[in-house]
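Here are the chains, one letter per residue:
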Amino acid sequence: MCALSIVRFLCEHRAHCPLTLTTRLLETHDILMTLVPLLEAAPWIRKTPGGAVEKFEDNSWKPMDDASGSVRMPKAQGQVWLSIYQLLMDPVCRQQYSLDSQCRVDNLLRLRKYLNETVFEQLPVLSVLLRALEELAISGHMVAGVGDPTTNSPFGGLSMSSGAASAFSVELVAEIIEGLKSKYRGRWKEVAEGHLAALISADKEEGSEGLKKLSKMVSIPDEWRLAMEEGGELQAPKCPQCGKEADQRCTRCKREFYCSRDCQVTHWRVHREHCQQAPPCAGS
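Residues numbered from 1 in each chain as written. Predicted model: local features only at pLDDT ≥ 70, side-chain atom pairs only at ≥ 80, totals over all residues. Heavy atoms only, no water.

(A) Expanded view of the packing of helix 3 (residues 32-41) against helix 6 (residues 102-109). Closest axis-to-axis distance for the helix 3/helix 6 pair is 9 Å, and the angle between their directions is 35°. As helix 3 packs across helix 6, the resulting crossing turns out to be left-handed. From helix 3, Leu-32, Met-33, Val-36 and Pro-37 reach across to helix 6, where they touch Cys-103, Arg-104, Asn-107 and Leu-108. Here the contact of helix 3 with helix 6 is built from residues that sort into six nonpolar, one polar and one charged. (Axes fitted to C-alpha atoms, helices over the stretch in contact; angles between N-to-C directions. Helix = DSSP H or I, 4+ residues; strand = E, 2+ residues; numbered from the N terminus. Left-handed = near helix turned anticlockwise from the far one by under 90°. Contact = heavy atoms within 4.5 Å. Nonpolar A, V, L, I, M, F, W, Y, C, P; charged D, E, K, R; others polar.)

(B) Here's a closer look at the pattern of salt bridges. Under the counting rule described, the total for this entry stands at 11 salt bridges. Close ionic contact of Glu-54 with Arg-46 constitutes a salt bridge, the shortest N to O distance being 2.9 Å. Residue class for Glu-54 comes out buried when judged on its relative accessible area of 17%. With a relative accessible area of 37%, Arg-46 lands in the partly exposed category. One salt bridge in this structure joins Arg-112 and Glu-134, with 3.6 Å as the shortest N-O distance. (Salt bridge = Lys/Arg side-chain N within 4 Å of Asp/Glu carboxyl O. Buried < 20%, exposed > 50% of the residue type's maximum accessible area, 1.4 Å probe, protein only.)

(C) Here's a closer look at the nonpolar core. Among the nonpolar cores identified, the biggest contains 41 residues, and Trp-81, Ile-84, Leu-108, Leu-115, Leu-126 and Leu-129 are the most heavily contacted of them. Residue assignment for this core shows that the elements contributing at least two residues are helix 1 (2-12), helix 2 (19-28), helix 3, helix 4 (75-89), helix 6, helix 7 (117-122) and helix 8 (126-139). The element that contributes the greatest number of residues to this core is helix 4, accounting for nine residues. Residues contacting Leu-115, with those up to four places away along its chain left out, are Trp-81, Phe-120, Leu-126, Leu-129, Leu-130 and Leu-133. Listed in part, the five residues of the second largest apolar core include Cys-239, Ala-246, Phe-257 and Tyr-258. (Core = buried A, V, L, I, M, F, W, Y, C linked by side-chain atoms within 4.5 Å.)

(D) Highlighting unusual backbone geometry. Positive phi, normally seen in glycine, also occurs at Asp-30, with a value near 45°. Here Asp-30 is to be found in the loop between helix 2 and helix 3. Despite not being glycine, Ala-42 has its phi angle at roughly 45°, a positive value. Its place among the elements puts Ala-42 in the loop between helix 3 and strand 1 (45-47).

(E) Spatial organisation of the packing of aromatic side chains. Going through the model one piece at a time under the given rule, you end up with two aromatic pairs. On the numbers, 5.2 Å between centres and 65° between planes, the contact of Phe-56 with Trp-61 is edge-to-face. Between Tyr-184 and Trp-188, the aromatic rings sit 6.2 Å apart at their centres with planes inclined by 45°, giving tilted as the arrangement. (Phe/Tyr/Trp six-rings, centres within 6.5 Å; stacked < 30°, edge-to-face > 60°.)

(F) Fine view of helix 1. For helix 1, every residue scored as buried is listed here: Leu-4, Val-7 and Cys-11. In a view along the axis of helix 1, the buried residues occupy a sector of 60°, so they form one face of it. Those residues of helix 1 that are exposed and angled more than 90 degrees off the buried face are Cys-2 and Ile-6. Each element contacted by the buried residues of helix 1 is listed here: helix 2, helix 3 and helix 4. (Arc of directions from axis to C-beta.)

(G) Inspection of the sheet that holds strand 2 (residues 53-57) at higher detail. The strand order 1-2-3 describes an open sheet built from three strands, whose pairing is antiparallel. Two strands bound the open sheet, and with one partner strand each, they are strand 1 and strand 3 (60-63). Looking at each pair of strands side by side, their axes are set apart by 40° on average, direction ignored. Looking at chain direction, strand 2 and strand 3 are connected through four bridges and run antiparallel. If you follow Glu-57 over to strand 3, its bridge partner there is Ser-60. (Pairing = 2+ DSSP bridges.)

(H) Focus on the side chain of Gln-79. You can see Gln-79 is positioned in helix 4. At 3.5 Å, the side chain of Gln-79 forms a polar contact with the side chain of Ser-5. Those residues in contact with Gln-79, other than ones at most four positions away along the chain, are Leu-4, Ser-5 and Arg-8. (Polar contact = N/O pair within 3.5 Å; in protein donor to acceptor, adjacent residues only side chain to side chain.)

(I) Quick peek at the pairing of strand 2. With three bridges joining them, strand 1 and strand 2 adopt antiparallel strand pairing. In the sheet register, Arg-46 faces strand 2, and the bridge partner there is Glu-54. Linkage of strand 1 to strand 2, two consecutive antiparallel strands, is achieved through a turn of five residues, within which Gly-51 is found at a positive phi near 95°. Remark: two residues form the turn of the hairpin made by strand 2 and strand 3, two consecutive strands paired antiparallel; Asp-58 in that turn has positive phi of roughly 55°.

(J) Spatial organisation of helix 6. Regarding helix 6, the residues found buried are Arg-104, Val-105, Asn-107, Leu-108 and Leu-109. Buried residues along helix 6 sit in contact with helix 2, helix 3, helix 4 and helix 8.

Set out below in structure tokens:
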């Protein structure tokens, strides 16, 4: 594991070392062809016969979960990720590391399946690396590294292999659904009941206010309006002639209800005065 720390140190301070170091890392030893398979093999993690997962840190095997119950990335794994990041994001390294070989391209693209929200939470800079790898998958080359003075983009614009400007811009969309699952896992019933109560309450308030506004725009019998304002229940209209439930309304004033045409005709001698005095309702 000490070797990983040395490799990471060399990658991070490459600019302050002799130029031959870059050539040895990228061409002579092709360190990226070693680091990616090492990351996949993950020798710093093991599973005990009892089924527990352990990580190798500080020269001993420790539980994968820390005291708070969260899963922390092993230090050795972090060293490998940072070494890869330093090499691929450095503009000089990216221009020198040719991707004309499909073997090299495939090797780098295998990293994408290990870059997820859990990794980004612990090493946020790797989100930039994923963007560069997506660029590589689409266009066959990668944009220049962070801080490249030749471009205005925070990711640069030079190809690793040819120096050509990038023709793609890949946007990483946050996995909202995964965030919601993580936040509310085990609390779905509680959340659903809370939303249901809020919706029912809002619906009742809007319904009451909506009916009051509607009653001002159209003609509604006074007893109905009074019942709504007092919060009482609305009663089915009664025929003024026979007292039965009525489902037909005067087409002119829309204030009186009748159970039948016969009752309306019979009651007309009483209703006529009120109907003629009342202005025609909107929509009549």
